[in-house]
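The chain contents come next:
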Amino acid sequence: MSLKCGIVGLPNVGKSTLFNCVSVGGAQSANFPFCTIEPNLGSTNVPDKRLEVLSDICKPQRTIPATVDIVDIAGLVRGASRGEGLGNQFLANIRECDAILHVLRCFDDGNVVHVDGSVDPVRDKEVVDLELQIKDLETVNARIAKVQKQATTGGDKEAKKLLALLLRYKEALEQGKSCRSVALLNDEEAVLAHDLFLLTNKPVMYVCNVDDASAVSGNAYVEAVREAVKDEHAEILVISARTEAEIAEMDSYEDRQMFLEEMGLHESGVVRLIQGAYHLLGLQTFFTAGADECRAWTIHKGDKAPKAAGVIHSDFEKGFIRAEVIKYDDFVQYKTEAAVRAAGKMGIEGKEYVVQDGDIMHFLFNV
């Protein structure tokens, strides 16, 4: 399952520094606008202590974590929706992403230039929002023009449903609101909304990039952002990209943990960012565990057993018969599949079973 989170924001807010911390890709990071031109793509492991525990128990030949792709996209400026700066390229790159990590500068530093001359994360957020909203309004108006005749004179029921949704999006966008603020009425509308690929309908996390001293408790800039996004369906993460860059350069786990403790942090911001991105995408993990391999597999919350089987191989889904399911805590307690089975803790599940986060699964299939 290939899923992308796009790191976006104005130039010089710390996007590429953050990208370098979370990704195996190496993005250029410098103190001038449009340092990033082509989008940088990297894949990062999703930290999960449960996989480490399973690996310690099974002693497999290999351990494979879940991954999420992170894309560092060129900085956006006012007028991007009209093609200013690298606007057209920026918007096209966002459209290809499943979720947005919107980095906001929440620190003062006279040595780092700001494209608008002063630090104001709420203003910066609104600049990016406006450009995305303008582009979405163009898309919505074009689709309305296309389906309106079908819906009003052609009697097309599907066109009527789509038109009703488009008109609600149009109203929100004209009020300066993002499409994600429009509540969907049912699953059918959710499918229609997804197929529109609207920029402001993507899930978003606001990443407040702060100075070292504010990494634990935040600062006034962060509080201003919290107030500004309180009515959005969005998440906020406070992180110091500069601190994370220092952590990333440390060789040993012990050194990193000691540094974090000195900072008053329980875990690095990068770990919280990756886990937050995973959650933002509505994802969860199931495991396969054995002597050959322990592996974390990514599925969407609510996926049923055949769909999960298909993540491993399409034949598993096509020929699905049943799934043997062990709960993570039971496996940790009994240590082996045989002991779990003997204790009566092995679940036998069919096609309607909704996979739970942390399930350890074995699929039976026939093709």
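If you're wondering where the values come from, they're calculated on a predicted model, not measured in any experiment. (Residues numbered from 1 in each chain as written. Predicted model: local features only at pLDDT ≥ 70, side-chain atom pairs only at ≥ 80, totals over all residues. Heavy atoms only, no water.)

**Details of the overall build of the chain**
- Looking only at helices and strands, one finds 14 helices and 12 strands in the chain.
- Counting the 367 residues in the chain, one finds 47% classified as buried.
- Carbon and sulfur atoms form 51% of the exposed surface of the chain, whose accessible area is close to 17,700 Å². (Helix = DSSP H or I, 4+ residues; strand = E, 2+ residues; numbered from the N terminus. Buried < 20%, exposed > 50% of the residue type's maximum accessible area, 1.4 Å probe, protein only. Areas by Shrake-Rupley, 256 points an atom, 1.4 Å probe, with all protein chains shown as cover.)

**A few points about the environment of Cys294**
- Its place among the elements puts Cys294 in strand β9 (residues 293–300).
- When the C-alpha atoms of Cys294 and Arg62 are compared, they prove to be 6.6 Å apart, with 232 residues separating the residues in sequence.
- Excluding anything up to four places from it in sequence, Cys294 contacts Leu51, Leu54, Ser55, Cys58, Pro60, Arg62, Thr63, Ile64, Thr288 and Ala289. (Contact = heavy atoms within 4.5 Å.)

**Notes on helix α1 (residues 15–22)**
- Counting buried residues along α1, 6 of its 8 residues qualify, which places the element largely inside the surrounding structure.
- Buried within α1 are the following residues: Lys15, Ser16, Leu18, Phe19, Cys21 and Val22.

**A word on the environment of Asp315**
- Mapped onto the elements of the fold, Asp315 is located in helix α12 (residues 314–318).
- Taking relative accessible area as the criterion, Asp315 reaches 27% and is therefore assigned partly exposed.
- Taking C-alpha positions, Asp315 is 8.1 Å from Asn366, a pair spaced 51 residues apart along the chain.
- Excluding its chain neighbours within four sequence positions, the residues that come into contact with Asp315 are Phe365 and Val367.

**Considering the nonpolar core**
- Of all hydrophobic cores here, the largest spans 62 residues; its most connected members are Cys5, Ile70, Leu101, Val207 and Leu273.
- For this core, the leading source of residues is helix α10 (residues 269–280), giving 6 residues.
- Here Leu273 is in contact with Leu18, Val22, Leu101, Met205, Val207 and Leu237, once residues within four sequence places are set aside.
- The next biggest cluster of nonpolar side chains, apart from the first, holds 18 residues, and it includes Val140, Leu163, Tyr169 and Ala193. (Core = buried A, V, L, I, M, F, W, Y, C linked by side-chain atoms within 4.5 Å.)

**Quick look at the sheet that holds strand β7 (residues 234–239)**
- Across the sheet, 6 strands lie side by side as β2-β4-β1-β5-β6-β7; this open sheet has mixed pairing. In this open sheet, the two strands that pair with only one neighbour each are β2 (40–45) and β7. For this sheet the average axis-to-axis angle between neighbouring strands, irrespective of direction, equals 25°.
- As judged from the 4 bridges shared by strand β1 (residues 4–8) and strand β4 (residues 67–72), these two strands associate in the parallel manner. Counted as the bridge partner of Gly6 is Val71 from β4.
- With respect to the sheet, helix α4 (residues 121–152) is in contact with β5 (99–105) and β6 (204–209), its orientation differing from that of β5 by roughly 145°. (Pairing = 2+ DSSP bridges. Axes fitted to C-alpha atoms, helices over the stretch in contact; angles between N-to-C directions.)

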